[in-house]
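Per-entry structural report
What follows is each chain in one-letter form.
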Amino acid sequence: MNNAIFFILVMAVVTYLIRVLPLTLIRKEIKNVFIRSFLYYVPYVTLAVMVFPAILDATASPWSALAGFIVAILFAYRGASLVSVALLASFSVFVAELFLY
């Protein structure tokens, strides 16, 4: 039980520091193009890193999950709406599961 409380406290401190340090250390506008673009893409990369393992574990087979992921990437890249991407990815997983089992 003590380990769980310690881990929760460490996670809270790290999360707090990540949010507070930039506010306290950086007072001026960031003019460096590299740093600005890096900071712009951080939320998207973080979301992708958290979601991708969940995608592969969400189905009975990682192959069907990969098929759904590829379909979702293709249709999202072509500009399809969020609902259509989700429906097409779900349908492709359904079809892949039919052929796998």
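For the structure itself, consult the block above.
Residues numbered from 1 in each chain as written. Predicted model: local features only at pLDDT ≥ 70, side-chain atom pairs only at ≥ 80, totals over all residues. Heavy atoms only, no water.

Re the overall build of the protein chain
Selection rule: A run of H or I in DSSP counts as a helix once it spans at least four residues, and a run of E counts as a strand once it spans at least two, with each numbered from the N terminus. The size measure is the radius of gyration over C-alpha atoms, and the globule rule it meets is 2.2 Å times the number of residues to the 0.38 power. Between buried and exposed lies partly exposed: a residue is buried under 20% and exposed over 50% of the maximum accessible area for its type, with that area taken using a 1.4 Å probe on protein chains only. Any two residues whose heavy atoms approach within 4.5 Å are treated as being in contact.
On a plain count of helices and strands, the protein chain comes out with four helices and zero strands. Its helices and strands taken in sequence order, the protein chain reads α-α-α-α from the N to the C terminus. In terms of overall size, the protein chain is more extended than a compact globule, its C-alpha atoms giving a radius of gyration of 20 Å where 101 residues would be expected to give roughly 13 Å. In terms of overall dimensions, the protein chain has a C-alpha envelope of 55 × 45 × 20 Å along the principal axes. Within the span of the protein chain, comprising 101 residues, buried residues form 12% of the whole. Within the protein chain, contacts between residues at least 6 apart in sequence are counted, and of these 46% link residues at least 24 apart.

A short note on the pattern of salt bridges
Our working rule: Throughout this description, the term salt bridge denotes a Lys or Arg side-chain nitrogen within 4 Å of a carboxyl oxygen of Asp or Glu.
With the rule as written, the count across this model stands at one salt bridge. Residues Arg 36 and Glu 29 are paired through a salt bridge, measuring 3.5 Å at the closest nitrogen-oxygen approach.

Things to note about helix H3 (residues 62-77)
In an α-helix, one turn spans 3.6 residues; hence positions three or four apart end up facing the same way. Rule in force here: An expected span of 1.5 Å times one less than the residue number is assigned to each helix. Residues adjacent in sequence count toward polar contacts only when both atoms are side-chain atoms; beyond that, a polar contact is any pair of N or O atoms within 3.5 Å, and within protein one must be able to donate a hydrogen and the other to accept it.
Look at H3: 22 Å from first C-alpha to last across 16 residues, which is about the 22 Å you get at 1.5 Å a residue. Packed against the buried residues of H3 are helix H2 (33-57) and helix H4 (82-100). Capping of H3 at its N-terminal end is provided by Ser 61; its side-chain oxygen lies 3.1 Å from the backbone amide nitrogen of Trp 63. One or two positions beyond H3, positive phi appears at Gly 79, with a value near 95 degrees.

Examining the packing of aromatic side chains
The line we're drawing: Any two of the Phe, Tyr and Trp rings considered here, Trp counted by its six-membered ring, make a pair once their centres fall within 6.5 Å; the pair's planes then place it as stacked at under 30 degrees, edge-to-face at over 60, or tilted in between.
Within this structure, the stated rule accounts for five aromatic pairs. For the ring pair Tyr 41 and Tyr 44, a centre distance of 6.4 Å and an interplane angle of 55 degrees mean the geometry is tilted. Taken together, the positions of Tyr 41 and Tyr 44, both in helix H2 and three residues apart, correspond to about one turn of that helix. Grouped by ring-pair contacts, the aromatic residues Tyr 40, Tyr 41 and Tyr 44 constitute a single cluster.

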